[in-house]
Amino acid sequence: MTVALRRTALCLATVALVATGCTTKPADSTSGAAPKDDASSGASSGPVTLKDGSKVKLALIPGGAHPYFQPWKTVAAVDKVDFRLADATFNETGEWDQGKQNNVINSLAAQGYNAFGIFGVSPTDINSTFEDLKAKGFAVGSLASCPAGDTNAADFCLSTDVEAAAYKAAKATIEAIGGEGTIVHLTGNNVDSNTQRRIAGVKKAIAETNGKVTELPVITDIDKDLSTAQKAVADLLASKGKEIKGIVTTAYNPAVAAADGVASSKLPIKVVAIDDDAKILAGIKSGGVAATVTQNPAGQAYIGGWLLALLQSKQCTMKTPGVIVDSGSFVVTKANVDTYDEERKAKTKALQPEFEKQLSCQ
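The chain is annotated in an unreviewed UniProt entry as Sugar ABC transporter substrate-binding protein from Kribbella yunnanensis. What UniProt states about the chain under its Sequence similarities (unreviewed entry) heading is, verbatim, "Belongs to the bacterial solute-binding protein 2 family." Annotation of the chain in UniProt includes, under Subcellular location (unreviewed entry), the sentence "Cell envelope".

Chemist: Explain the pairing of strand 6 (residues 181-186) here, please?
Modeler: Every regular strand shows the same layout, with side chains that alternate between the two sheet faces. Taking burial as the measure, the six residues of strand 6 include six buried ones, the bulk of the element. By the alternation rule, side chains of strand 6 split into Gly181, Ile183 and His185 and Thr182, Val184 and Leu186, which are all buried. Relative to strand 7 (residues 213-215), strand 6 is paired through three bridges, and the arrangement is parallel. Within strand 7, the residue paired with Thr182 across the bridge is Thr214. On the question of chirality, the crossover connecting strand 6 to the parallel strand 7 by way of helix 6 (residues 193-207) is right-handed.

Chemist: I would appreciate a short explanation of the sheet that holds strand 10 (residues 291-294) in the present structure.
Modeler: The strands making up a sheet associate through hydrogen bonds between their backbones, and the pairing can be parallel or antiparallel. Spatial strand order, 7-6-8-9-10-13: six strands in an open sheet with mixed pairing. Every interior strand has two partners, whereas the edge strands, strand 7 and strand 13 (330-332), have only one. Pairwise comparison of adjacent strand axes, ignoring direction, gives a mean angle of 20° for this sheet. Taken strand by strand, helix 11 (residues 340-356) contacts strand 10 and strand 13, and its axis lies near 175° from that of strand 13.

Chemist: Explain the environment of Gly120 to me, please; I cannot follow it from the model alone.
Modeler: Considering the arrangement of structural elements, one finds Gly120 in the loop between strand 3 (115-118) and helix 4 (126-135). Given the relative accessible area of 6%, Gly120 is considered buried. Remark: the alpha-carbon pair of Gly120 and Gly64, spanning 56 residues in sequence, is separated by 9.6 Å. With sequence-adjacent residues up to four places away left out, Gly120 is seen in contact with Gln98, Gln101 and Ile126.

Chemist: Just to check I follow, could you spell out the side chain of Thr160 for this structure?
Modeler: Looking at the element boundaries, Thr160 is found in the loop between strand 5 (156-159) and helix 5 (162-176). Residue class for Thr160 comes out buried when judged on its relative accessible area of 6%. Here Gln295 takes part through its side chain, which lies 2.8 Å from a polar atom of the side chain of Thr160. Apart from the residues lying within four places of it in its own chain, the contact partners of Thr160 are Tyr68, Ala165, Gln295, Gln300, Asp326, Ser327, Gly328 and Ser329.

Chemist: Please explain the confidence of the model for the chain as it appears in this structure.
Modeler: Detailed reading of predicted coordinates is not advised where the pLDDT is low. The predicted model of the chain has a mean per-residue pLDDT of 88, with 87% of residues at 70 or higher. Segment residues 1-45 is flagged for pLDDT under 50; beyond a separation of four residues in sequence, or across chains, it makes 94 contacts in the model.

Chemist: Help me understand the layout of surface pockets in this model?
Modeler: To find the voids left in a structure, one rolls a probe of water-molecule size over its atoms. Each pocket or cavity is described by its volume, and for the largest pocket that value is around 720 Å³. Taken together, 30 residues make up the lining of the largest pocket; nearest its centre are Trp96, Phe119, Asn189, Asp192 and Asp223. Sort the elements by how many residues they give to the lining of the largest pocket and helix 6 lands first, with three residues. By residue class, the composition of the lining of the largest pocket is 13 nonpolar, eleven polar and six charged.

Chemist: Help me understand the state of the cysteines in this model?
Modeler: Between two cysteines, a covalent bond joining their sulfur atoms is known as a disulfide. Going through the model one piece at a time under the given rule, you end up with two disulfides. The disulfide partner of Cys146 is Cys157, and the S-S distance across this bridge is 2.0 Å. Between Cys146 and Cys157, the S-S dihedral sits near -100°, and the bridge is therefore left-handed. With Cys146 in the loop between strand 4 (139-143) and strand 5 and Cys157 in strand 5, this pair connects stretches of sequence that are eleven residues apart.

Chemist: Would you mind going over the pairing of strand 10 with me for this structure?
Modeler: Burial of the side chains of strand 10 extends over both faces: Ala291 and Val293 are buried on one face and Thr292 and Thr294 on the other. Relative to strand 10, strand 9 (residues 270-274) runs parallel, the two sharing three bridges. For Ile274, the partnering residue across the bridge sits in strand 10 and is Val293. A crossover connection joins strand 9 to the parallel strand 10 through helix 9 (residues 278-286); in handedness this β-α-β unit is right-handed. The sheet contact formed by strand 10 and strand 13 spans three bridges and is antiparallel.

Chemist: What's the story with the nonpolar core in this structure? I'm lost.
Modeler: Leu60, Trp72, Phe156, Leu158, Trp306, Leu307 and Phe355 are the most contacted members of the largest nonpolar core, which has 39 residues in total. No other element matches the ten residues that helix 10 (residues 297-312) contributes to this core. The contacts of Phe156, once residues within four sequence positions are left out, are Val140, Gly141, Ser142, Leu143, Gly304, Leu307, Leu308, Leu311, Met318, Gly322, Val323 and Phe355. The next biggest cluster of nonpolar side chains, apart from the first, holds 27 residues, and it includes Ala166, Ile174, Leu281 and Val293.

Chemist: What am I meant to see in empty space enclosed by the protein here?
Modeler: For the structure shown, the criterion picks out one cavity of 30 Å³ or more. Estimates place the volume of the largest cavity at around 40 Å³. Every residue along the wall of the largest cavity is listed here: Thr160, Val162, Ala165, Ala166, Ala169, Arg198, Thr250, Ile274 and Gln295. It is helix 5 that contributes the most residues to the lining of the largest cavity, four residues altogether. Of the residues belonging to the lining of the largest cavity, the class tally is five nonpolar, three polar and one charged.

Cut-offs used in this document
- Residues numbered from 1 in each chain as written.
- Predicted model: local features only at pLDDT ≥ 70, side-chain atom pairs only at ≥ 80, totals over all residues.
- Heavy atoms only, no water.
- UniProt positions renumbered as here; feature names shortened; annotations may be inferred.
- Buried < 20%, exposed > 50% of the residue type's maximum accessible area, 1.4 Å probe, protein only.
- Helix = DSSP H or I, 4+ residues; strand = E, 2+ residues; numbered from the N terminus.
- Pairing = 2+ DSSP bridges.
- Right-handed = clockwise from strand over helix to strand, strands pointing away.
- Axes fitted to C-alpha atoms, helices over the stretch in contact; angles between N-to-C directions.
- Contact = heavy atoms within 4.5 Å.
- Polar contact = N/O pair within 3.5 Å; in protein donor to acceptor, adjacent residues only side chain to side chain.
- pLDDT = per-residue confidence, 0-100.
- 1 Å grid on protein atoms, 1.4 Å probe; cavity = no way out; pocket = protein on both sides within 12 Å on 5 of 7 lines; lining within 4 Å.
- Points joined across faces, edges and corners; volume = space filled by probe spheres on them.
- Nonpolar A, V, L, I, M, F, W, Y, C, P; charged D, E, K, R; others polar.
- Disulfide = S-S within 2.5 Å.
- Core = buried A, V, L, I, M, F, W, Y, C linked by side-chain atoms within 4.5 Å.

So, in structure tokens, the structure goes:
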């Protein structure tokens, strides 16, 4: 590898670390210090080293444009350099339509891309897309969301355990309101299986209060864009604001809208958000937001890229195809707002040896 390319890799990795908190590097990374591993020996002192990624073209494909996935764009460039891939791209043009996303995937396959990390638009239909890609000999990872039901037709799923994350968010909300009162849950697409898991997580936390905390009807389908979420929050505060003690949000746009709406209304409502938008973190520091639960999109893109490259290069296979691994979720309050990313970095670093146990490598 040339000096110039090494410098490029270091710069790209530095951008990714600052922007997203992704720090895990493969054993032969240009910008990391992980110990080397001989994948053929069966013994490991660190993550499996990709021997040859020169024939791997990686595509990271969310369902459409959304702030959550922006770290994937940066990390795709890091994946290309760190793993010495033939190419890596990020494509968010699916417009949240499964048919259009399938067209994007087929177009990239026709261009020679052969390793796919996909957030499926339709959790109930995405397995058929995964099956089509697998039939063509491509490595496929389900990233940031697993298919609905009990079957994952991709090689693996690396996603937030959304029910656990929502449970953590609801527990933080209950703590913020002093353990009693009325809260409301704002979330995303009602037909999304992930939304139903989030609803279940919040209800579980509320049930544990034995009636001390009650919940207004869940408000769904408001994560399409910020303006949709803002209108929903404005309507909620106008009609129910005086009886609400806490708002728990488990989707990105409702979180930002709730933080802004409560601040503008000056109502004494505690807001617990999702993810680490700059407004949310500023709100935690100022006291306007009680807490947030961050996820790990950069870790999904980096570890997912590493694993897809190992699979598509035929260096490794999955011992149990379709295995599901939690990419992590992290509660952030005023006490740890300046240091929470260290926990996320540690989780990302731990994902490689966790997946390594699932691999059979040459």
